[in-house]
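Each chain, written out:
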Amino acid sequence: MERIPLWIDCDTGIDDALALLLATATPEAQLLGVSTVAGNCSLEDATANTLGVLALADANDIPVHAGASQPLAEPLHLAPSIHGTDGLGGLRPMLPALRRRATSLSAVEAVRRACHEHARHLVLVATGPLTNLALAVASDRALVEMVSRVVVMGGAVRVPGNVGPNAEFNIATDPEAARIVLTAGWPLTLVPLDVTMRVRMGAKDTATLRKQGPAAAFCADALAFYQEAYRPELGMRAAPMHDPLAVAVALDPRLVATEDLPLSVETRGEFTRGSVVVDRRPRTRQESVAIGPLTRICVAVDAHAARQRLLRSWGGLSAG
Ligand code: BDR
Ligand code: CA
């Protein structure tokens, strides 16, 4: 079986952790490395959470590289109400004690090297603010030709945002970086709230996972915290699978329907900073002012197939 070389850049919060566990549990994925960025929690917490989650998955051989501790232009606003103050809903003590640290190679340099070493094969998945990837591509434009695909969890295209009327957390946390990454001109798939909010895990799913071994039980606890965090918004115990869906789409694009459209990121608007702006005008009208290159935008998802895939992978995890 040919495995897909994968890199994940994340701000390990709860759903990032679940996305990492999905990647490590999927035989057709070869997770080459993970880079961390501040977002849901501080860079230190995101890095510690990542190391702990990889230890849980018995994946201590996967290098972890710490990256940006702040967005490019504005101070960071963490998300403790959704992910807890440690980013993992207080669950870090359930993870194995850390036996290693992040490597001394920076996230930006590590991403750059991985793209070159696996030229035209590497799939880069971003599940946090895009600071690291922006710095990487700004320092080495050749990356645009080097990656097989960049898959970004972020944006709200035809649905409301989650941190502003149209703004989603990952993009709005560092809009300047998001603009660089989303308009760099590399083959990019956007996995926005439009599809991630449709793939949800409920109480039955947590109950099933709890019976499937220690790593699956950790997934169940993480999901339970996430379900509570989303209860006020959704009115029920259901956790949307933002970051796991991005990894699932990177591994199996057939899970989603897509549209290829030009887009950019608003960096100035008083009410719209951090929003993704999609240009749906007919091509003839776009020609005068093209706002960005074509991006593959996920517009619909086979939620049942996606849920089955996630549950199967987490259920099969063997703990370290
Ligand atoms: C995104 O924001 C973060 O809180 C989640 O980890 C996910 O990456 C959803 O908007
Ligand atoms: Ca995330």
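Chemist: Quick one: what's the story with the coordination of the calcium ion (ligand 2), residue by residue and with numbers?
Modeler: Ideal donor angles around a metal are set by the shape: a four-donor tetrahedron calls for 109.5 degrees, a six-donor octahedron for 90 or 180 degrees. Looking at the metal site, the calcium ion (ligand 2) is ligated by Asp 11 (OD), Asp 16 (OD), Asp 16 (OD), Thr 127 (O) and Asp 243 (OD), spaced 2.2 to 2.6 Å from it. Site description for the calcium ion (ligand 2): donor spacing in sequence, D-x4-D-x110-T-x115-D. Taken together, the positions of Asp 11 in the loop between strand E1 (4-10) and helix H1 (14-25) and Thr 127 in the loop between strand E4 (123-126) and helix H5 (131-139) put the pair 116 residues apart, joining distant regions of the chain. Across this residue pair, the class does not change: Asp 11 and Thr 127 are buried.

Chemist: Which residues make up the site of ligand 1, and what are the values?
Modeler: The local shell around ligand 1 consists of Asp 15, Asp 16, Asn 40, His 83, Thr 127, Met 153, Asn 162, Glu 168, Phe 169, Asn 170, His 242 and Asp 243. Asp 16 has a polar side-chain atom sitting 3.1 Å from an oxygen atom of ligand 1. Within the contact set of ligand 1, an oxygen atom lies 2.8 Å away from a side-chain nitrogen or oxygen of Asn 162. Here ligand 1 has 280 Å² of accessible area as a free molecule, and 97% of this is covered by the chains. Its residues placed into classes, the shell around ligand 1 shows two nonpolar, six polar and four charged.

Chemist: Before we move on, could you go through the nonpolar core and cite the residues and values that matter?
Modeler: Side chains that are nonpolar tend, in soluble globular proteins, to be buried together. In this structure, Leu 6, Leu 21, Val 125, Met 241, Val 247 and Trp 314 are the most contacted members of the largest nonpolar core, which totals 66 residues. In terms of residue count, helix H11 (residues 214-234) provides more of this core than any other element does, ten residues in total. With residues near it in sequence (within four places) discarded, Leu 21 still touches Val 53, Leu 56, Ala 57, Phe 218, Cys 219, Trp 314 and Leu 317. Ala 110, Leu 130, Val 150 and Val 278 belong to the second largest nonpolar core, which has 36 residues in total.

Chemist: Describe the sheet that holds E1, and please don't skip the residues or the numbers.
Modeler: Ordered by their spatial adjacency, nine strands build an open sheet running E3-E2-E1-E4-E5-E6-E11-E9-E10, and the pairing between neighbours is mixed. Each having just a single partner strand, strand E3 (64-66) and strand E10 (276-278) make up the two edges of the open sheet. Direction aside, the axes of adjacent strands within the sheet are offset by 30° on average. The pairing of strand E9 (residues 256-265) with E10 spans three bridges and is antiparallel. Following the sheet pairing, Val 265 is matched in E10 by Val 276. Strand contacts of H1: E1 and strand E2 (29-36), with the helix running at about 165° to E1, the strand carrying the most contacts.

Each value, and the rule that gives it
- Residues numbered from 1 in each chain as written.
- Chains lettered and ligands numbered in written order.
- Predicted model: local features only at pLDDT ≥ 70, side-chain atom pairs only at ≥ 80, totals over all residues.
- Heavy atoms only, no water.
- Donors = N, O, S within 2.8 Å, 3.2 Å for Na, K, Ca; no water.
- Helix = DSSP H or I, 4+ residues; strand = E, 2+ residues; numbered from the N terminus.
- Buried < 20%, exposed > 50% of the residue type's maximum accessible area, 1.4 Å probe, protein only.
- Near = heavy atom within 4 Å.
- Polar contact = N/O pair within 3.5 Å; in protein donor to acceptor, adjacent residues only side chain to side chain.
- Areas by Shrake-Rupley, 256 points an atom, 1.4 Å probe, with all protein chains shown as cover.
- Nonpolar A, V, L, I, M, F, W, Y, C, P; charged D, E, K, R; others polar.
- Core = buried A, V, L, I, M, F, W, Y, C linked by side-chain atoms within 4.5 Å.
- Contact = heavy atoms within 4.5 Å.
- Pairing = 2+ DSSP bridges.
- Axes fitted to C-alpha atoms, helices over the stretch in contact; angles between N-to-C directions.

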